[in-house]
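In case you want the letters, here they are:
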Amino acid sequence: MSDVMTFGQGRHRCIGETLGIAQLTAMMRAIVELGIRPAAKAMTYQSRIGHRWPDEMIVKIK
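Read on for a plain summary of the structure. Owing to the predicted nature of the structure, the values given are computational and were not obtained by experimental measurement.

### Remarks on helix 1 (residues 17-34)
Since the α-helix advances by 3.6 residues per turn, residues separated by three or four positions end up pointing in the same direction.
Then, number 1: Under the 1.5 Å per step criterion, the end-to-end length of helix 1 is 26 Å for 18 residues, consistent within 8% with the ideal 26 Å.
Then, number 2: Looking one or two residues beyond helix 1, the residue adopting positive phi is glycine 35, at roughly 80°.

Structure follows, in structure tokens:
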């Protein structure tokens, strides 16, 4: 599986792709500005068909 979040391509492209990308971009900028970083622990994922759902993500705030 890929580590990249996608919104599909071609005929099956997500209608909310532009809004989703804008929201993710704003969220990531806010996280970087707050100094939130992933902890050293590797992330684990739940087994799902077609999606990767993290079990948890431990972060450090400076």
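Still more to cover.
### Side note on the environment of tyrosine 45
Then, number 1: Examined against the element boundaries, tyrosine 45 turns out to sit in strand 2 (residues 45-47).
Then, number 2: When the C-alpha positions of tyrosine 45 and glutamate 56 are compared, they lie 8.0 Å apart, and in sequence the two are 11 residues distant.
Then, number 3: Beyond its immediate chain neighbours, meaning those up to four positions away, tyrosine 45 contacts Arg52, Trp53, Pro54 and Asp55.

### Some points on a nonpolar patch on the surface
Then, number 1: On the surface, a nonpolar cluster with roughly 460 Å² of combined accessible area is contributed by Met43, Tyr45, Met57, Val59 and Ile61.
Then, number 2: Looking at the element boundaries, methionine 43 is found in the loop between strand 1 (36-38) and strand 2.
Then, number 3: Classification of methionine 43 as partly exposed rests on a relative accessible area of 32%.

About the thresholds
Residues numbered from 1 in each chain as written. Predicted model: local features only at pLDDT ≥ 70, side-chain atom pairs only at ≥ 80, totals over all residues. Heavy atoms only, no water. Helix = DSSP H or I, 4+ residues; strand = E, 2+ residues; numbered from the N terminus. Expected span 1.5 Å × (residues − 1). Contact = heavy atoms within 4.5 Å. Patch = residues over 30% accessible without salt bridge, like charges linked within 9 Å, V, L, I, M, F, W, Y side chains within 5 Å. Areas by Shrake-Rupley, 256 points an atom, 1.4 Å probe, with all protein chains shown as cover. Salt bridge = Lys/Arg side-chain N within 4 Å of Asp/Glu carboxyl O. Buried < 20%, exposed > 50% of the residue type's maximum accessible area, 1.4 Å probe, protein only.

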